[in-house]
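# Examination of the molecular architecture
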Amino acid sequence: MSASTVTTIRFGPATSSEPLPAPLRSAAGRHNGTIYNADYLFRRFKLRRFAQVDSELLFRLAHNAVRDDRIDMERFRARL
């Protein structure tokens, strides 16, 4: 990820006003930046891909790190 990456991830019902919502049941968010190795990381972590945008990677990783309805930040960071 670039040093200027900004990411917002919110868990709860997704709304149509969210830009670039990732198709997850419990999360919506937006990402401003570029993940140059997104294709590789989707394969490495065996993540299912629905869109051809790099932002989806962050939301998939966050979704996989949820424990007790909260993002386990250690687990999330370990995959970044």
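Just above sits the structure.
First, a word on scope: everything that follows refers to the structure included in this document. Quantities reported herein were computed from a predicted structural model and do not represent experimental measurements.

### Considerations on the pattern of salt bridges
- For the coordinates displayed, the defined rule picks out two salt bridges.
- Note that D39 and R49 form a salt bridge whose closest N and O atoms lie 2.5 Å from each other. Of the two residues, D39 sits in helix α1 (residues 38-44) while R49 sits in the loop between α1 and α2 (55-64), which places them ten residues apart along the sequence.

### Some thoughts on the nonpolar core
- One finds I35, A38, L41, F42, F45, L47, L57, L58, L61, A62, A65 and F76 forming the largest nonpolar core, which totals twelve residues.
- Looking at this core, the elements with two or more residues in it are α1 and α2.
- It is α2 that contributes the most residues to this core, four residues altogether.
- Among all residues touching L57, those that are not within four sequence positions of it are I35, A38, L41, F42 and L47.

### So, the environment of R48
- Turning to its location among the elements, R48 is positioned in the loop between α1 and α2.
- For R48, a relative accessible area of 61% translates into the label exposed.
- Considered as a pair, R48 and R60 are twelve residues apart in the sequence and their alpha carbons are 8.3 Å apart.
- Among residues more than four places away in sequence, those in contact with R48 are F42, E56 and R60.

Rules and cut-offs
Within any chain, residue numbers begin from 1 and follow the written order of that chain's sequence. Note on the predicted model: pLDDT of at least 70 is required for a residue's local features to be given, and 80 or more for side-chain atom pairs to be given and counted; whole-chain, interface and lining totals, by contrast, use all residues. Remark: hydrogens and water are excluded; side-chain values derive from all non-hydrogen atoms of the structure. The salt bridge criterion pairs a side-chain nitrogen of Lys or Arg with a carboxyl oxygen of Asp or Glu, the two atoms within 4 Å. A helix here means a DSSP run of H or I that spans at least four residues, while a strand means a run of E at least two residues long, and both kinds are numbered starting from the N terminus. The nonpolar core is taken to be a set of buried Ala, Val, Leu, Ile, Met, Phe, Trp, Tyr and Cys residues, with the residues joined through side-chain atoms within 4.5 Å. Between buried and exposed lies partly exposed: a residue is buried under 20% and exposed over 50% of the maximum accessible area for its type, with that area taken using a 1.4 Å probe on protein chains only. Only heavy atoms enter the contact rule, under which two residues are in contact if any of them lie within 4.5 Å.

Note that all results are geometric; they support no functional claim without further evidence.
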